[in-house]
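Descriptive structure summary
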Amino acid sequence: MILTITLNPAIDIRYEIDNFEINSIFRGKASKTAGGKGLNVSRVLRLLGENVEASGFLGGNSGDWISSKIESIGIKDKFIKTDAETRSCIAILGKGTQTEILEPGEKVSTNYIDKFLEFFKNNFDRFETICISGSAPQGVQDDIYKVLCEIANNKKVILDTSGKFLLKGIEGNPYLIKPNKEELEGMLGRELLTFSELLEGAKEIKNRGCKNLLVSLGKDGAIFIDEKNDIYRVSIPKVNIKNPVGSGDSTIAGFAYGLNENKSPEETLKLAMACGISNAMMDETGNIDLDVVKELFNKVKVEKI
Ligand code: ATP
């Protein structure tokens, strides 16, 4: 059983409109999913066969819709129900273009934040692995993830967020963070132009406090630095991609599953990459094909450098 935390979930609404352009009117069918990075992670964990409890904040009719969607695929709804309507995020996929409108999320008031913290304090101990993903809605303090990591400091807390939430969160000494290259550059405040600069930057961030660091590099695989400061280069096969959005979340799910099943670091990294790649090969965000994952697993190379 894995606990996932999504403080700022969303109904992800996707339109596929081949000839999309601004200043025009289009008619199109929306496909809707229960979104937010932590719910993508939860969905992929379920596909891998893991039991999942999901918490965070849900509110209004959108919150009810998400609740019924996740329950229908066996994710246990442990969300705190608030009076702040859960947001929607819109993606319009054109021919080779992707336009996104992301709502920030309505303000959540202090009494609900206190309720969530109470839930977390009373429940974290039932889990060995906890995945915390994405941003937080307005009203939630910037150091919320630092607080959660400190409460659960004897657990394997995987923190996948960005900006101020990541900068503060790493102070709580999470088990793993998984920035992509842009997020790593954002944390360092400088560009990383060569592989050796990337490696130096990764080591610098690792020393700020996380126990393990996975830097995901899209089609170029990943770099992993473990607790002993051993460094691994993870290379992945070339594939035809459809929609790489959510590949990071699928990677987190694969990693968390491997950890929770006590797989070796090498197997865990292979599974994480295979899930990320499989997601990129499919249309839907936060989705994998198990047969493809099995095939890809054997094609991922993990090399100590
Ligand atoms: P997102 O924020 O969309 O969830 P991310 O930026 O956090 O993604 P990426 O580094 O893009 O994460 O992708 C995570 C993993 O997914 C990569 O390490 C890789 O294994 C796989 N992946 C992503 N994009 C591609 C691609 N174009 N081709 C093959 N594999 C990919």
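Please refer to the structure placed before this passage.
First, a word on what this report is: a plain description of the structure on this page.

The rules behind these values
- Residues numbered from 1 in each chain as written.
- Predicted model: local features only at pLDDT ≥ 70, side-chain atom pairs only at ≥ 80, totals over all residues.
- Heavy atoms only, no water.
- Salt bridge = Lys/Arg side-chain N within 4 Å of Asp/Glu carboxyl O.
- Helix = DSSP H or I, 4+ residues; strand = E, 2+ residues; numbered from the N terminus.
- Buried < 20%, exposed > 50% of the residue type's maximum accessible area, 1.4 Å probe, protein only.
- Pairing = 2+ DSSP bridges.
- Axes fitted to C-alpha atoms, helices over the stretch in contact; angles between N-to-C directions.
- Contact = heavy atoms within 4.5 Å.
- Phe/Tyr/Trp six-rings, centres within 6.5 Å; stacked < 30°, edge-to-face > 60°.
- Near = heavy atom within 4 Å.
- Polar contact = N/O pair within 3.5 Å; in protein donor to acceptor, adjacent residues only side chain to side chain.
- Areas by Shrake-Rupley, 256 points an atom, 1.4 Å probe, with all protein chains shown as cover.
- Nonpolar A, V, L, I, M, F, W, Y, C, P; charged D, E, K, R; others polar.

All right, on to the pattern of salt bridges then. Between side chains of opposite charge, a pair can form as their charged atoms come close. The final tally for this structure, using the stated rule, is 16 salt bridges. Residue Lys155 is joined to Asp125 by a salt bridge in which the shortest nitrogen-to-oxygen separation is 3.1 Å. Of the two residues, Lys155 is situated in the loop between helix 4 (144-151) and strand 10 (156-160) and Asp125 in the loop between helix 3 (110-123) and strand 9 (129-133); the sequence distance between them amounts to 30 residues. Relative accessible area serves as the criterion here: at 7%, Lys155 is assigned to the buried category. Close ionic contact of Asp230 with Lys304 constitutes a salt bridge, the shortest N to O distance being 3.3 Å.

Here the focus is the sheet that holds strand 3 (residues 30-35). The four strands are arranged 3-2-7-8 in an open sheet whose pairing can be described as mixed. With partners counted over all chains shown, the strands left at the sheet margins are strand 3 and strand 8 (98-102), one partner each. With direction set aside, neighbouring strand axes in the sheet form an average angle of 20°. Relative to strand 8, strand 7 (residues 87-93) runs antiparallel, the two being bridged by five bridges. Pairing of Ile92 across the sheet is with Thr99, part of strand 8. Along the sheet face, helix 2 (residues 60-72) touches strand 2 (10-16) and strand 3 and points at about 80° away from the line of strand 3.

This brings us to the packing of aromatic side chains. The full count for this structure, using the stated rule, is seven aromatic pairs. Measuring from ring centre to ring centre gives 5.6 Å for Phe57 and Phe116, while their planes differ by 55°; the resulting arrangement is tilted. Here the residue Phe57 occupies a position in strand 4 (residues 52-59), and Phe116 occupies one in helix 3, the gap between them amounting to 59 residues. Ring centres 5.9 Å apart and planes at 55° place the aromatic pair Tyr145 and Phe165 in the tilted group. With Tyr145 in helix 4 and Phe165 in helix 5 (residues 163-169), the pair connects residues that are 20 residues apart, well separated along the chain. The exposure classification of Tyr145 matches that of Phe165, with both residues buried. Through a chain of ring-to-ring contacts, the aromatic side chains of Phe57, Phe116, Phe120 and Phe124 assemble into a single cluster.

This part covers the site of the ligand. By nearness alone, 21 residues border the ligand, and Asn180, Ser216, Gly218, Gly221 and Gly248 come closest of all. At 2.9 Å from an oxygen atom of the ligand is found a main-chain nitrogen or oxygen belonging to Gly218. Here an oxygen atom of the ligand and a backbone polar atom of Ser247 are 3.5 Å apart. Contact with the protein chains covers 85% of the free accessible surface of the ligand, which is 620 Å². Ranked by the residues each element gives to the shell around the ligand, the list is headed by helix 8 (residues 247-260), at four residues. Considered class by class, the residues forming the shell around the ligand number eight nonpolar, nine polar and four charged.

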